[in-house]
Amino acid sequence: MLPFIDDILKYDSLSIVGLEKNTGKTECLKYVLNRLPVDSRRIAVTSIGIDGETVDQVTRTQKPEITLPQGMYFATSEAHYKLRRLVSELVDVSDENTSLGRVVTARALTTGKVLLSGPPSAAGLKRWMGQMRRLGVDLTVVDGALSRMSSASPAVSRSMILATGAAFSPNVDTLVSKTAFVVQLINLPLAGENLRAAFDTLDRGTWWLDDEGALHRLSTTTSLAPSIKLDEMKGCRAIFVAGALVDSFVEKLQAGKVARDIEIVVRDFTKIFITPQRLRLLLKAGARLTVLQKSKLLAVTVNPTSPGGFTLDSAAVCHRLAETIGLPVYDLLKAS
Amino acid sequence: MQLKNVIDSPCALRAMLDSLDLQSTMARRRLLEMEMLTDAHDIGRSYDTLRHFARFLATAHHTRVTTLQFKLQALKDIGTTLNNLDRHAVLDDIELFEVKHLALLAGDVNEILREHGLEQVVPVPSLDEVVTILDPDGLKIASFYIYDSYCGRLKELRAEMRRQPERNDELLLEASEIERTVRADLSKRLQSFAAALAQALTALAHIDIYLAKATQMTQLGLCFPTISRDGTSRFEGMFHPRVKAALEAGGRSFQPIDITYGLKPTLITGANMGGKTVVLKTLTLCQYLFQFGFGIPAASAAMDIKSHIFFCIGDEQSVEKGLSSFAAEMKNIDAVIKASRHERKLLALIDEPARTTNPTEGTALVAALLKVLAHASMSLILTTHYDIEPGEARCLRVKGFENGTMNYSLVEVHDGEVPHEALNIAQSLDIDPQWIALARDIVNSTTTKRNIHH
């Protein structure tokens with residue numbers, strides 16, 4: 001058994017995040033679910049639902065069916081619950097509505113397959129995790145989407161496994177550097193307690209804090225808007241971007257000399273859409289980039305095979321990646 | 001008129017709703033859909049029930065209160081499921097789970113109510129038989145599936161699935177046929193309980209609402225009103241909870257107000273910043289709270305029941321719709337006049353009518369409004385800065401500045417003449433002295449001119 005299974009049990013929640021389709025996220029989920037001690041712990045699994053119109057195309061056809069061991073709890077939508085291929089006992093019906101009905105939670109009484117489609121929003125996911133704790137569940141496992149299509153961020157969980165692979169990039173150098181960049185983002189430090197308290201309840205807009213601790217809303221509607229009135233920001237020591245953090249915004253801050261030793265805060269790493277170059281320049285200038293919410297990255301898994309059939313040298317990729325990011329890297333197909 | 005139609009009244013009714021510690025979203029929805037009570041019997045009964053819950057809060061051990069609140073958090077609106085049951089549909093597993101969940105919850109809540117002699121106050125029908133049907137093994141756990149004990153063959157099939165997972169699909173197919181029959185049978189047996197289940201659902205929402213209202217009364221220091229039968233409303237120590245909280249947050253205190261009004265118009269005059277608008281806001285708030293069965297923010301209150309409540313205050317929303325503030329105000333007051341012609345038991349509270357126009361016409365409009373509404377046997381309370389001949393109206397005046405501080409209490413006076421304190425108040429606000437001094441000169445010269453004229 002790979003050591004990270006023991007690590008997972010140190011946390012009460014885990015999300016498994018794929019960097020691209022076919023990077024082996026589902027393999028990783030299956031691998032983890034099959035090895036968790038269902039007999040001694042209460043474990044619940046769900047998948048981040050996908051909002052809106054894409055559900056019909058994406059969810060009905062592309063959501064994988066997962067085989068669950070007897071005794072495991074799972075959350076899915078009403079429509080998918082009815083399609084389950086196992087015997088299960090309902091334990092919770094939530095108010096969380098998805099286009100496939102409400103999210104329900106049940107315990108598997110036999111081993112069998114289910115389609116997972118859980119809460120579609122970060123708030124819903126948080127509520128579900130809370131409800132599971134109330135029901136005595138020790139660990140929640142989330143099949144996390146990493147995409148702009150979903151508003152639910154996997155960063156609500158305490159720990160995380162990242163799945164990468166040839167599908168993300170067929171070139172070893174690119175694969176290593178692109179993966180290392182995401183790892184860097186996942187490992188960004190938490191903002192200080194004061195900043196977290198100041199920004200935590202803001203769910204939209206761009207805000208800044210002056211050196212006396214007063215909060216101001218930046219008079220642009222989104223950080224994408226080109227007109228930032230930098231001269232308004234006298235004494236700015238920290239900026240919070242509730243939406244996506246993009247290059248053009250950071251560029252403006254730096255050009256306006258605001259970003260020298262400023263702290264830029266985002267909700268979590270999934271909100272960051274800046275390039276590695278921009279991040280490097282930003283940090284070099286003395287600025288800090290921090291998050292309100294972070295997960296402990298436990299391991300990175302690699303699927304060396306791309307959907308086109310192209311296969312990278314698994315051992316070389318794992319080794320290079322582990323060296324670059326300083327974390328254990330596994331090829332699950334080899335491991336199992 | 002439902003609570004949700006008036007919730008955004010500028011009297012800050014929504015803040016009262018938001019400060020209610022409701023446990024379930026269903027209770028909140030039911031409360032918003034509540035019709036305004038206009039019948040003395042209904043209002044009386046509602047407060048009697050609330051009194052029982054207030055006593056429960058005061059006497060029960062706090063762990064029982066928190067247990068009840070915790071239980072009510074699990075209340076879900078399963079109206080759709082109960083409708084399905086009522087029209088003899090076969091319920092699916094999720095719906096059967098919901099029914100069982102409600103039945104167990106009703107049992108738990110009933111137990112706490114019985115302990116405190118509240119079982120007759122808001123009766124929750126017993127659903128023990130429903131629990132028996134959906135809990136064949138007597139586990140009393142809020143979970144559900146088509147249990148093995150419903151059918152011997154089902155038990156065998158499931159045991160087989162565990163032994164031979166490779167035959168899963170085939171065994172599941174046979175099991176699902178059996179499950180279908182069991183569901184149909186369960187649904188049939190549950191049909192006769194549809195009405196009791198619906199009643200329990202409503203009762204549980206009501207318990208949540210009463211408990212929250214009673215808690216709010218203690219938190220905000222609200223009182224139980226009495227119902228006035230003589231058309232008069234009397235308040236002692238009335239306050240606006242939100243304004244009070246805002247003042248207290250700033251280290252200041254709210255000066256409670258005593259006020260009585262009946263079926264004759266009441267004219268409130270007084271200095272700027274004397275709290276006239278707050279008085280109207282509070283009276284409006286109290287009337288809504290009364291007719292939706294909440295505690296009243298006052299030391300004591302005897303209140304007359306009204307059929308319609310009008311609160312006319314500078315209305316931002318109409319302005320946003322493109323009406324000028326004057327036009328918006330005229331339309332609002334017009335609605336009061338129209339209603340007064342065919343409705344009885346109106347309460348209209350009008351803040352500084354015609355204040356945005358010239359004083360000559362403004363004064364005429366207000367004086368005429370008093371005349372038009374004087375005989376409508378309604379309660380009309382209006383504030384103004386204009387000198388109005390009161391006619392039959394009662395006149396109340398804010399005491400105003402005394403020794404450099406504002407005394408917000410209302411005193412009855414016998415003329416409508418308005419106090420001239422605006423310049424003193426402006427001075428106390430540190431407004432540009434040159435401006436104020438000039439204004440004072442102009443006032444003095446016009447007064448002298450007028451005197452010479454006379």
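Starting from 1, residues in each chain are numbered consecutively following that chain's sequence as written. Chains and ligands are labelled by the order in which they are written, letters from A for the one and numbers from 1 for the other. In view of the model being predicted, local features appear only for residues whose pLDDT reaches at least 70, and side-chain atom pairs are presented and counted only at 80 or more, with totals across whole chains, interfaces and linings using the full set of residues. Working from all heavy atoms in the structure, the side-chain values ignore hydrogens and water.

(A) Main features of helix H6 (residues 172-186) of chain A. Residue and element names in this part refer to chain A. Secondary structure elements follow DSSP: runs of H or I no shorter than four residues count as helices, runs of E no shorter than two count as strands, and numbering proceeds from the N terminus. Expected span, for any helix, means 1.5 Å times one less than how many residues it has. Here H6 is 15 residues long and its end C-alpha atoms lie 21 Å apart, about the 21 Å a rise of 1.5 Å per residue gives. Taken together, the buried positions of H6 are Leu175, Val176, Thr179, Ala180, Phe181, Val182, Val183, Leu185 and Ile186. N or O atoms closer than or at 3.5 Å make up a polar contact, with two conditions inside protein: a donor-capable atom paired with an acceptor-capable one, and, for residues adjacent in sequence, both atoms drawn from side chains. For H6, the side-chain oxygen to backbone nitrogen distance between the N-cap and aspartate 173 is 2.8 Å, and the N-cap itself is asparagine 171. For every residue, the accessible area (1.4 Å probe, protein chains only) is compared with the maximum for its type, and the residue is labelled buried under 20%, exposed over 50%, or partly exposed between those bounds.

(B) Inspection of the packing of aromatic side chains at higher detail. Any two rings among Phe, Tyr and Trp, with Trp reduced to its six-membered ring, count as a pair given centres within 6.5 Å; such a pair is stacked if its planes are under 30 degrees apart, edge-to-face if over 60, and tilted if neither. Summed over all chains, the structure comprises eight aromatic pairs over all chains. Seen in terms of ring centroids, A:Phe199 and A:Phe240 are 5.0 Å apart; in terms of plane orientation they differ by 10°. Their pairing is stacked. Linking A:Phe199 in helix H7 (residues 193-199) with A:Phe240 in strand S12 (residues 236-241), this pair joins segments that are 41 residues apart in sequence. Take A:Phe199: its relative accessible area is 0%, and that puts it in the buried class. Clustering of aromatic rings is evident, with ring pairs tying together B:Phe144, B:Tyr145, B:Tyr147 and B:Tyr150. Two conditions define a charge sitting above a ring: the NZ of Lys or the CZ of Arg must be within 6 Å of the ring centre, and it must be within 35 degrees of the ring normal. Positioned above the aromatic ring of A:Phe168 is the side chain of A:Lys178, whose terminal nitrogen or guanidinium carbon lies 4.6 Å from the ring centre. Directly above the ring of B:Phe239 sits B:Lys244, whose terminal nitrogen or CZ lies 4.6 Å from the centroid.

(C) Broad picture of the side chain of A:Thr76. All names here are of chain A. On the secondary structure map, threonine 76 appears in strand S4 (residues 73-77). Overall, the relative accessible area of 1% leaves threonine 76 in the buried class. A polar contact is formed between the side chain of threonine 76 and the backbone oxygen of leucine 115, at a distance of 2.7 Å. The contact definition used throughout considers only heavy atoms, calling two residues in contact when any of these lie within 4.5 Å. Ignoring sequence-local partners within four residues, the contact set of threonine 76 consists of Tyr81, Arg102, Val103, Val104, Leu115, Leu116 and Ser117.

(D) Quick peek at the sheet that holds strand S14 (residues 288-291) of chain A. Residues and elements named next belong to chain A. Strand pairing is assigned whenever DSSP detects at least two bridges linking the two strands. Taken together, the five strands give an open sheet; going across it, the order is S11-S10-S12-S13-S14, and neighbouring strands pair in mixed fashion. What marks the edges here is a single partner per strand, and that holds for strand S11 (215-217) and S14. Taking each pair of neighbouring strands and ignoring which way they run, the sheet shows an average axis angle of 25°. In this analysis an axis means a line fitted to C-alpha atoms, helices contributing only their contacting stretch, and an angle means the value between N-to-C directions, from 0 to 180 degrees.

(E) Focus on the packing of helix H7 (residues 93-115) of chain B against helix H10 (residues 168-190) of chain B. Residues and elements named next belong to chain B. Interaxial distance between H7 and H10 falls to 11 Å at its minimum, and their mutual angle equals 35°. Seen along the crossing, H7 lies across H10 with a hand that is left-handed. Residue-level contacts link Asp93, Leu96 and Val99 of H7 to Arg183, Leu186 and Leu190 of H10. Here a crossing is taken to be left-handed if its near helix is turned anticlockwise relative to the far helix by less than a right angle, and right-handed if that turn runs clockwise.

(F) Focus on the domain arrangement of chain A. All names here are of chain A. Annotation comment: domain bounds sourced from an automatic or database domain assignment. Partitioning chain A into structural domains gives domain 1 (4-187 + 295-335) and domain 2 (193-291). Contacts between domain 1 and domain 2 engage 11 residues on the former and 10 residues on the latter. Summed over both partners, the accessible area (1.4 Å probe) lost when two parts come together is defined as the buried area. For the pair domain 1 and domain 2, the summed buried area comes to about 900 Å², and 80% of that belongs to carbon and sulfur atoms. At the surface where domain 1 touches domain 2, the tally comes to zero residue pairs in polar contact (both at pLDDT 80 or more). Under this grouping Gly is polar, as are all residues other than the nonpolar Ala, Val, Leu, Ile, Met, Phe, Trp, Tyr, Cys and Pro and the charged Asp, Glu, Lys and Arg. Of the residues assigned to the side of domain 1 that touches domain 2, the class counts are eight nonpolar, two polar and one charged.

(G) Structural context of helix H11 (residues 194-220) of chain B. All names here are of chain B. With 27 residues, H11 should reach 39 Å at 1.5 Å per residue; the first-to-last C-alpha distance of 39 Å fits that figure. Along H11, 19 of the 27 residues are buried, which leaves the element largely enclosed by surrounding structure. Where H11 ends, the next residue or the one after it, glycine 221, has phi of about 70°, a positive value.

(H) Representation of the packing of helix H4 (residues 40-59) of chain B against H11(B) within the structure. All names here are of chain B. One way to put it is that H4 packs onto H11 with a least axis distance of 9 Å and a crossing angle of 70°. Classified by the angle between their axes, H4 and H11 sit roughly perpendicular to one another. Two packed elements cross with a definite hand, and for H4 against H11 that hand is right-handed. The residues of H11 that touch H4, namely those facing Ser46, Thr49, Leu50, Phe53, Ala54, Phe56 and Leu57, are Ile207, Tyr210, Leu211, Lys213, Ala214, Thr215 and Met217. Grouping the constituent residues of the contact of H4 with H11 by class yields 10 nonpolar, three polar and one charged. When an angle is under 35 degrees it counts as roughly parallel; over 145 it counts as roughly antiparallel; between 65 and 115 it counts as roughly perpendicular; any other value is oblique.

(I) The arrangement of the confidence of the model for chain B in detail. One confidence number per residue, pLDDT, is output by the predictor and ranges from 0 to 100. A residue-level look at chain B finds 95% of positions with pLDDT of 70 or above and a mean pLDDT of 91. Per-element confidence in chain B ranges from a low mean pLDDT of 56 for helix H14 (residues 316-320) of chain B to a high of 98 for strand S5 (residues 300-303) of chain B.

(J) A look at the sheet that holds S5(B). All names here are of chain B. With mixed pairing, the four strands of this open sheet are ordered in space as S1-S5-S2-S3. The open sheet terminates on both sides in strands that have one partner only, identified here as strand S1 (226-227) and strand S3 (257-261). In the packing of helix H13 (residues 276-291) onto the sheet, the strands contacted are S1, strand S2 (233-238), S3 and S5, and the crossing angle to S2 comes to about 115°.

(K) Looking closely at the domain arrangement of chain B. Residues and elements named next belong to chain B. Assigned domains within chain B: domain 1 (3-212) and domain 2 (222-419). Distance between the C-alpha centres of domain 1 and domain 2: 44 Å. Residue-level contacts link 25 residues of domain 1 with 26 residues of domain 2. A combined buried area of about 2200 Å² lies between domain 1 and domain 2, and 79% of that area is made up of carbon and sulfur atoms. For the domain 1 face of the interface with domain 2, the top three residues by lost area are Met16, Met36 and Tyr47, together amounting to 30%. Only one rule defines a salt bridge in this text: a Lys or Arg side-chain nitrogen within 4 Å of an Asp or Glu carboxyl oxygen. The tally of links from domain 1 across to domain 2 stands at zero salt bridges. Elements supplying a minimum of two residues to the side of domain 1 that touches domain 2: helix H1 (3-6), helix H2 (13-18) and H4.

(L) Quick peek at the interface of chain B and chain A. The interface of chain B with chain A comprises 19 residues on the first partner and 23 residues on the second. Taking both sides of the interface into account, the surface hidden between chain B and chain A amounts to around 1700 Å²; carbon and sulfur atoms contribute 56%. Note that B:Asp92 is salt-bridged to A:Lys82, the shortest N-O span being 2.9 Å. Here chain B and chain A share 10 residue pairs in polar contact (both at pLDDT 80 or more) between them. Those elements that provide at least two residues to the side of chain B that touches chain A are H7, helix H9 (152-163) and H10 of chain B. Residue contributions to the side of chain B that touches chain A peak at four residues, all from H7(B). A class-by-class count of the residues in the side of chain B that touches chain A yields nine nonpolar, three polar and seven charged.

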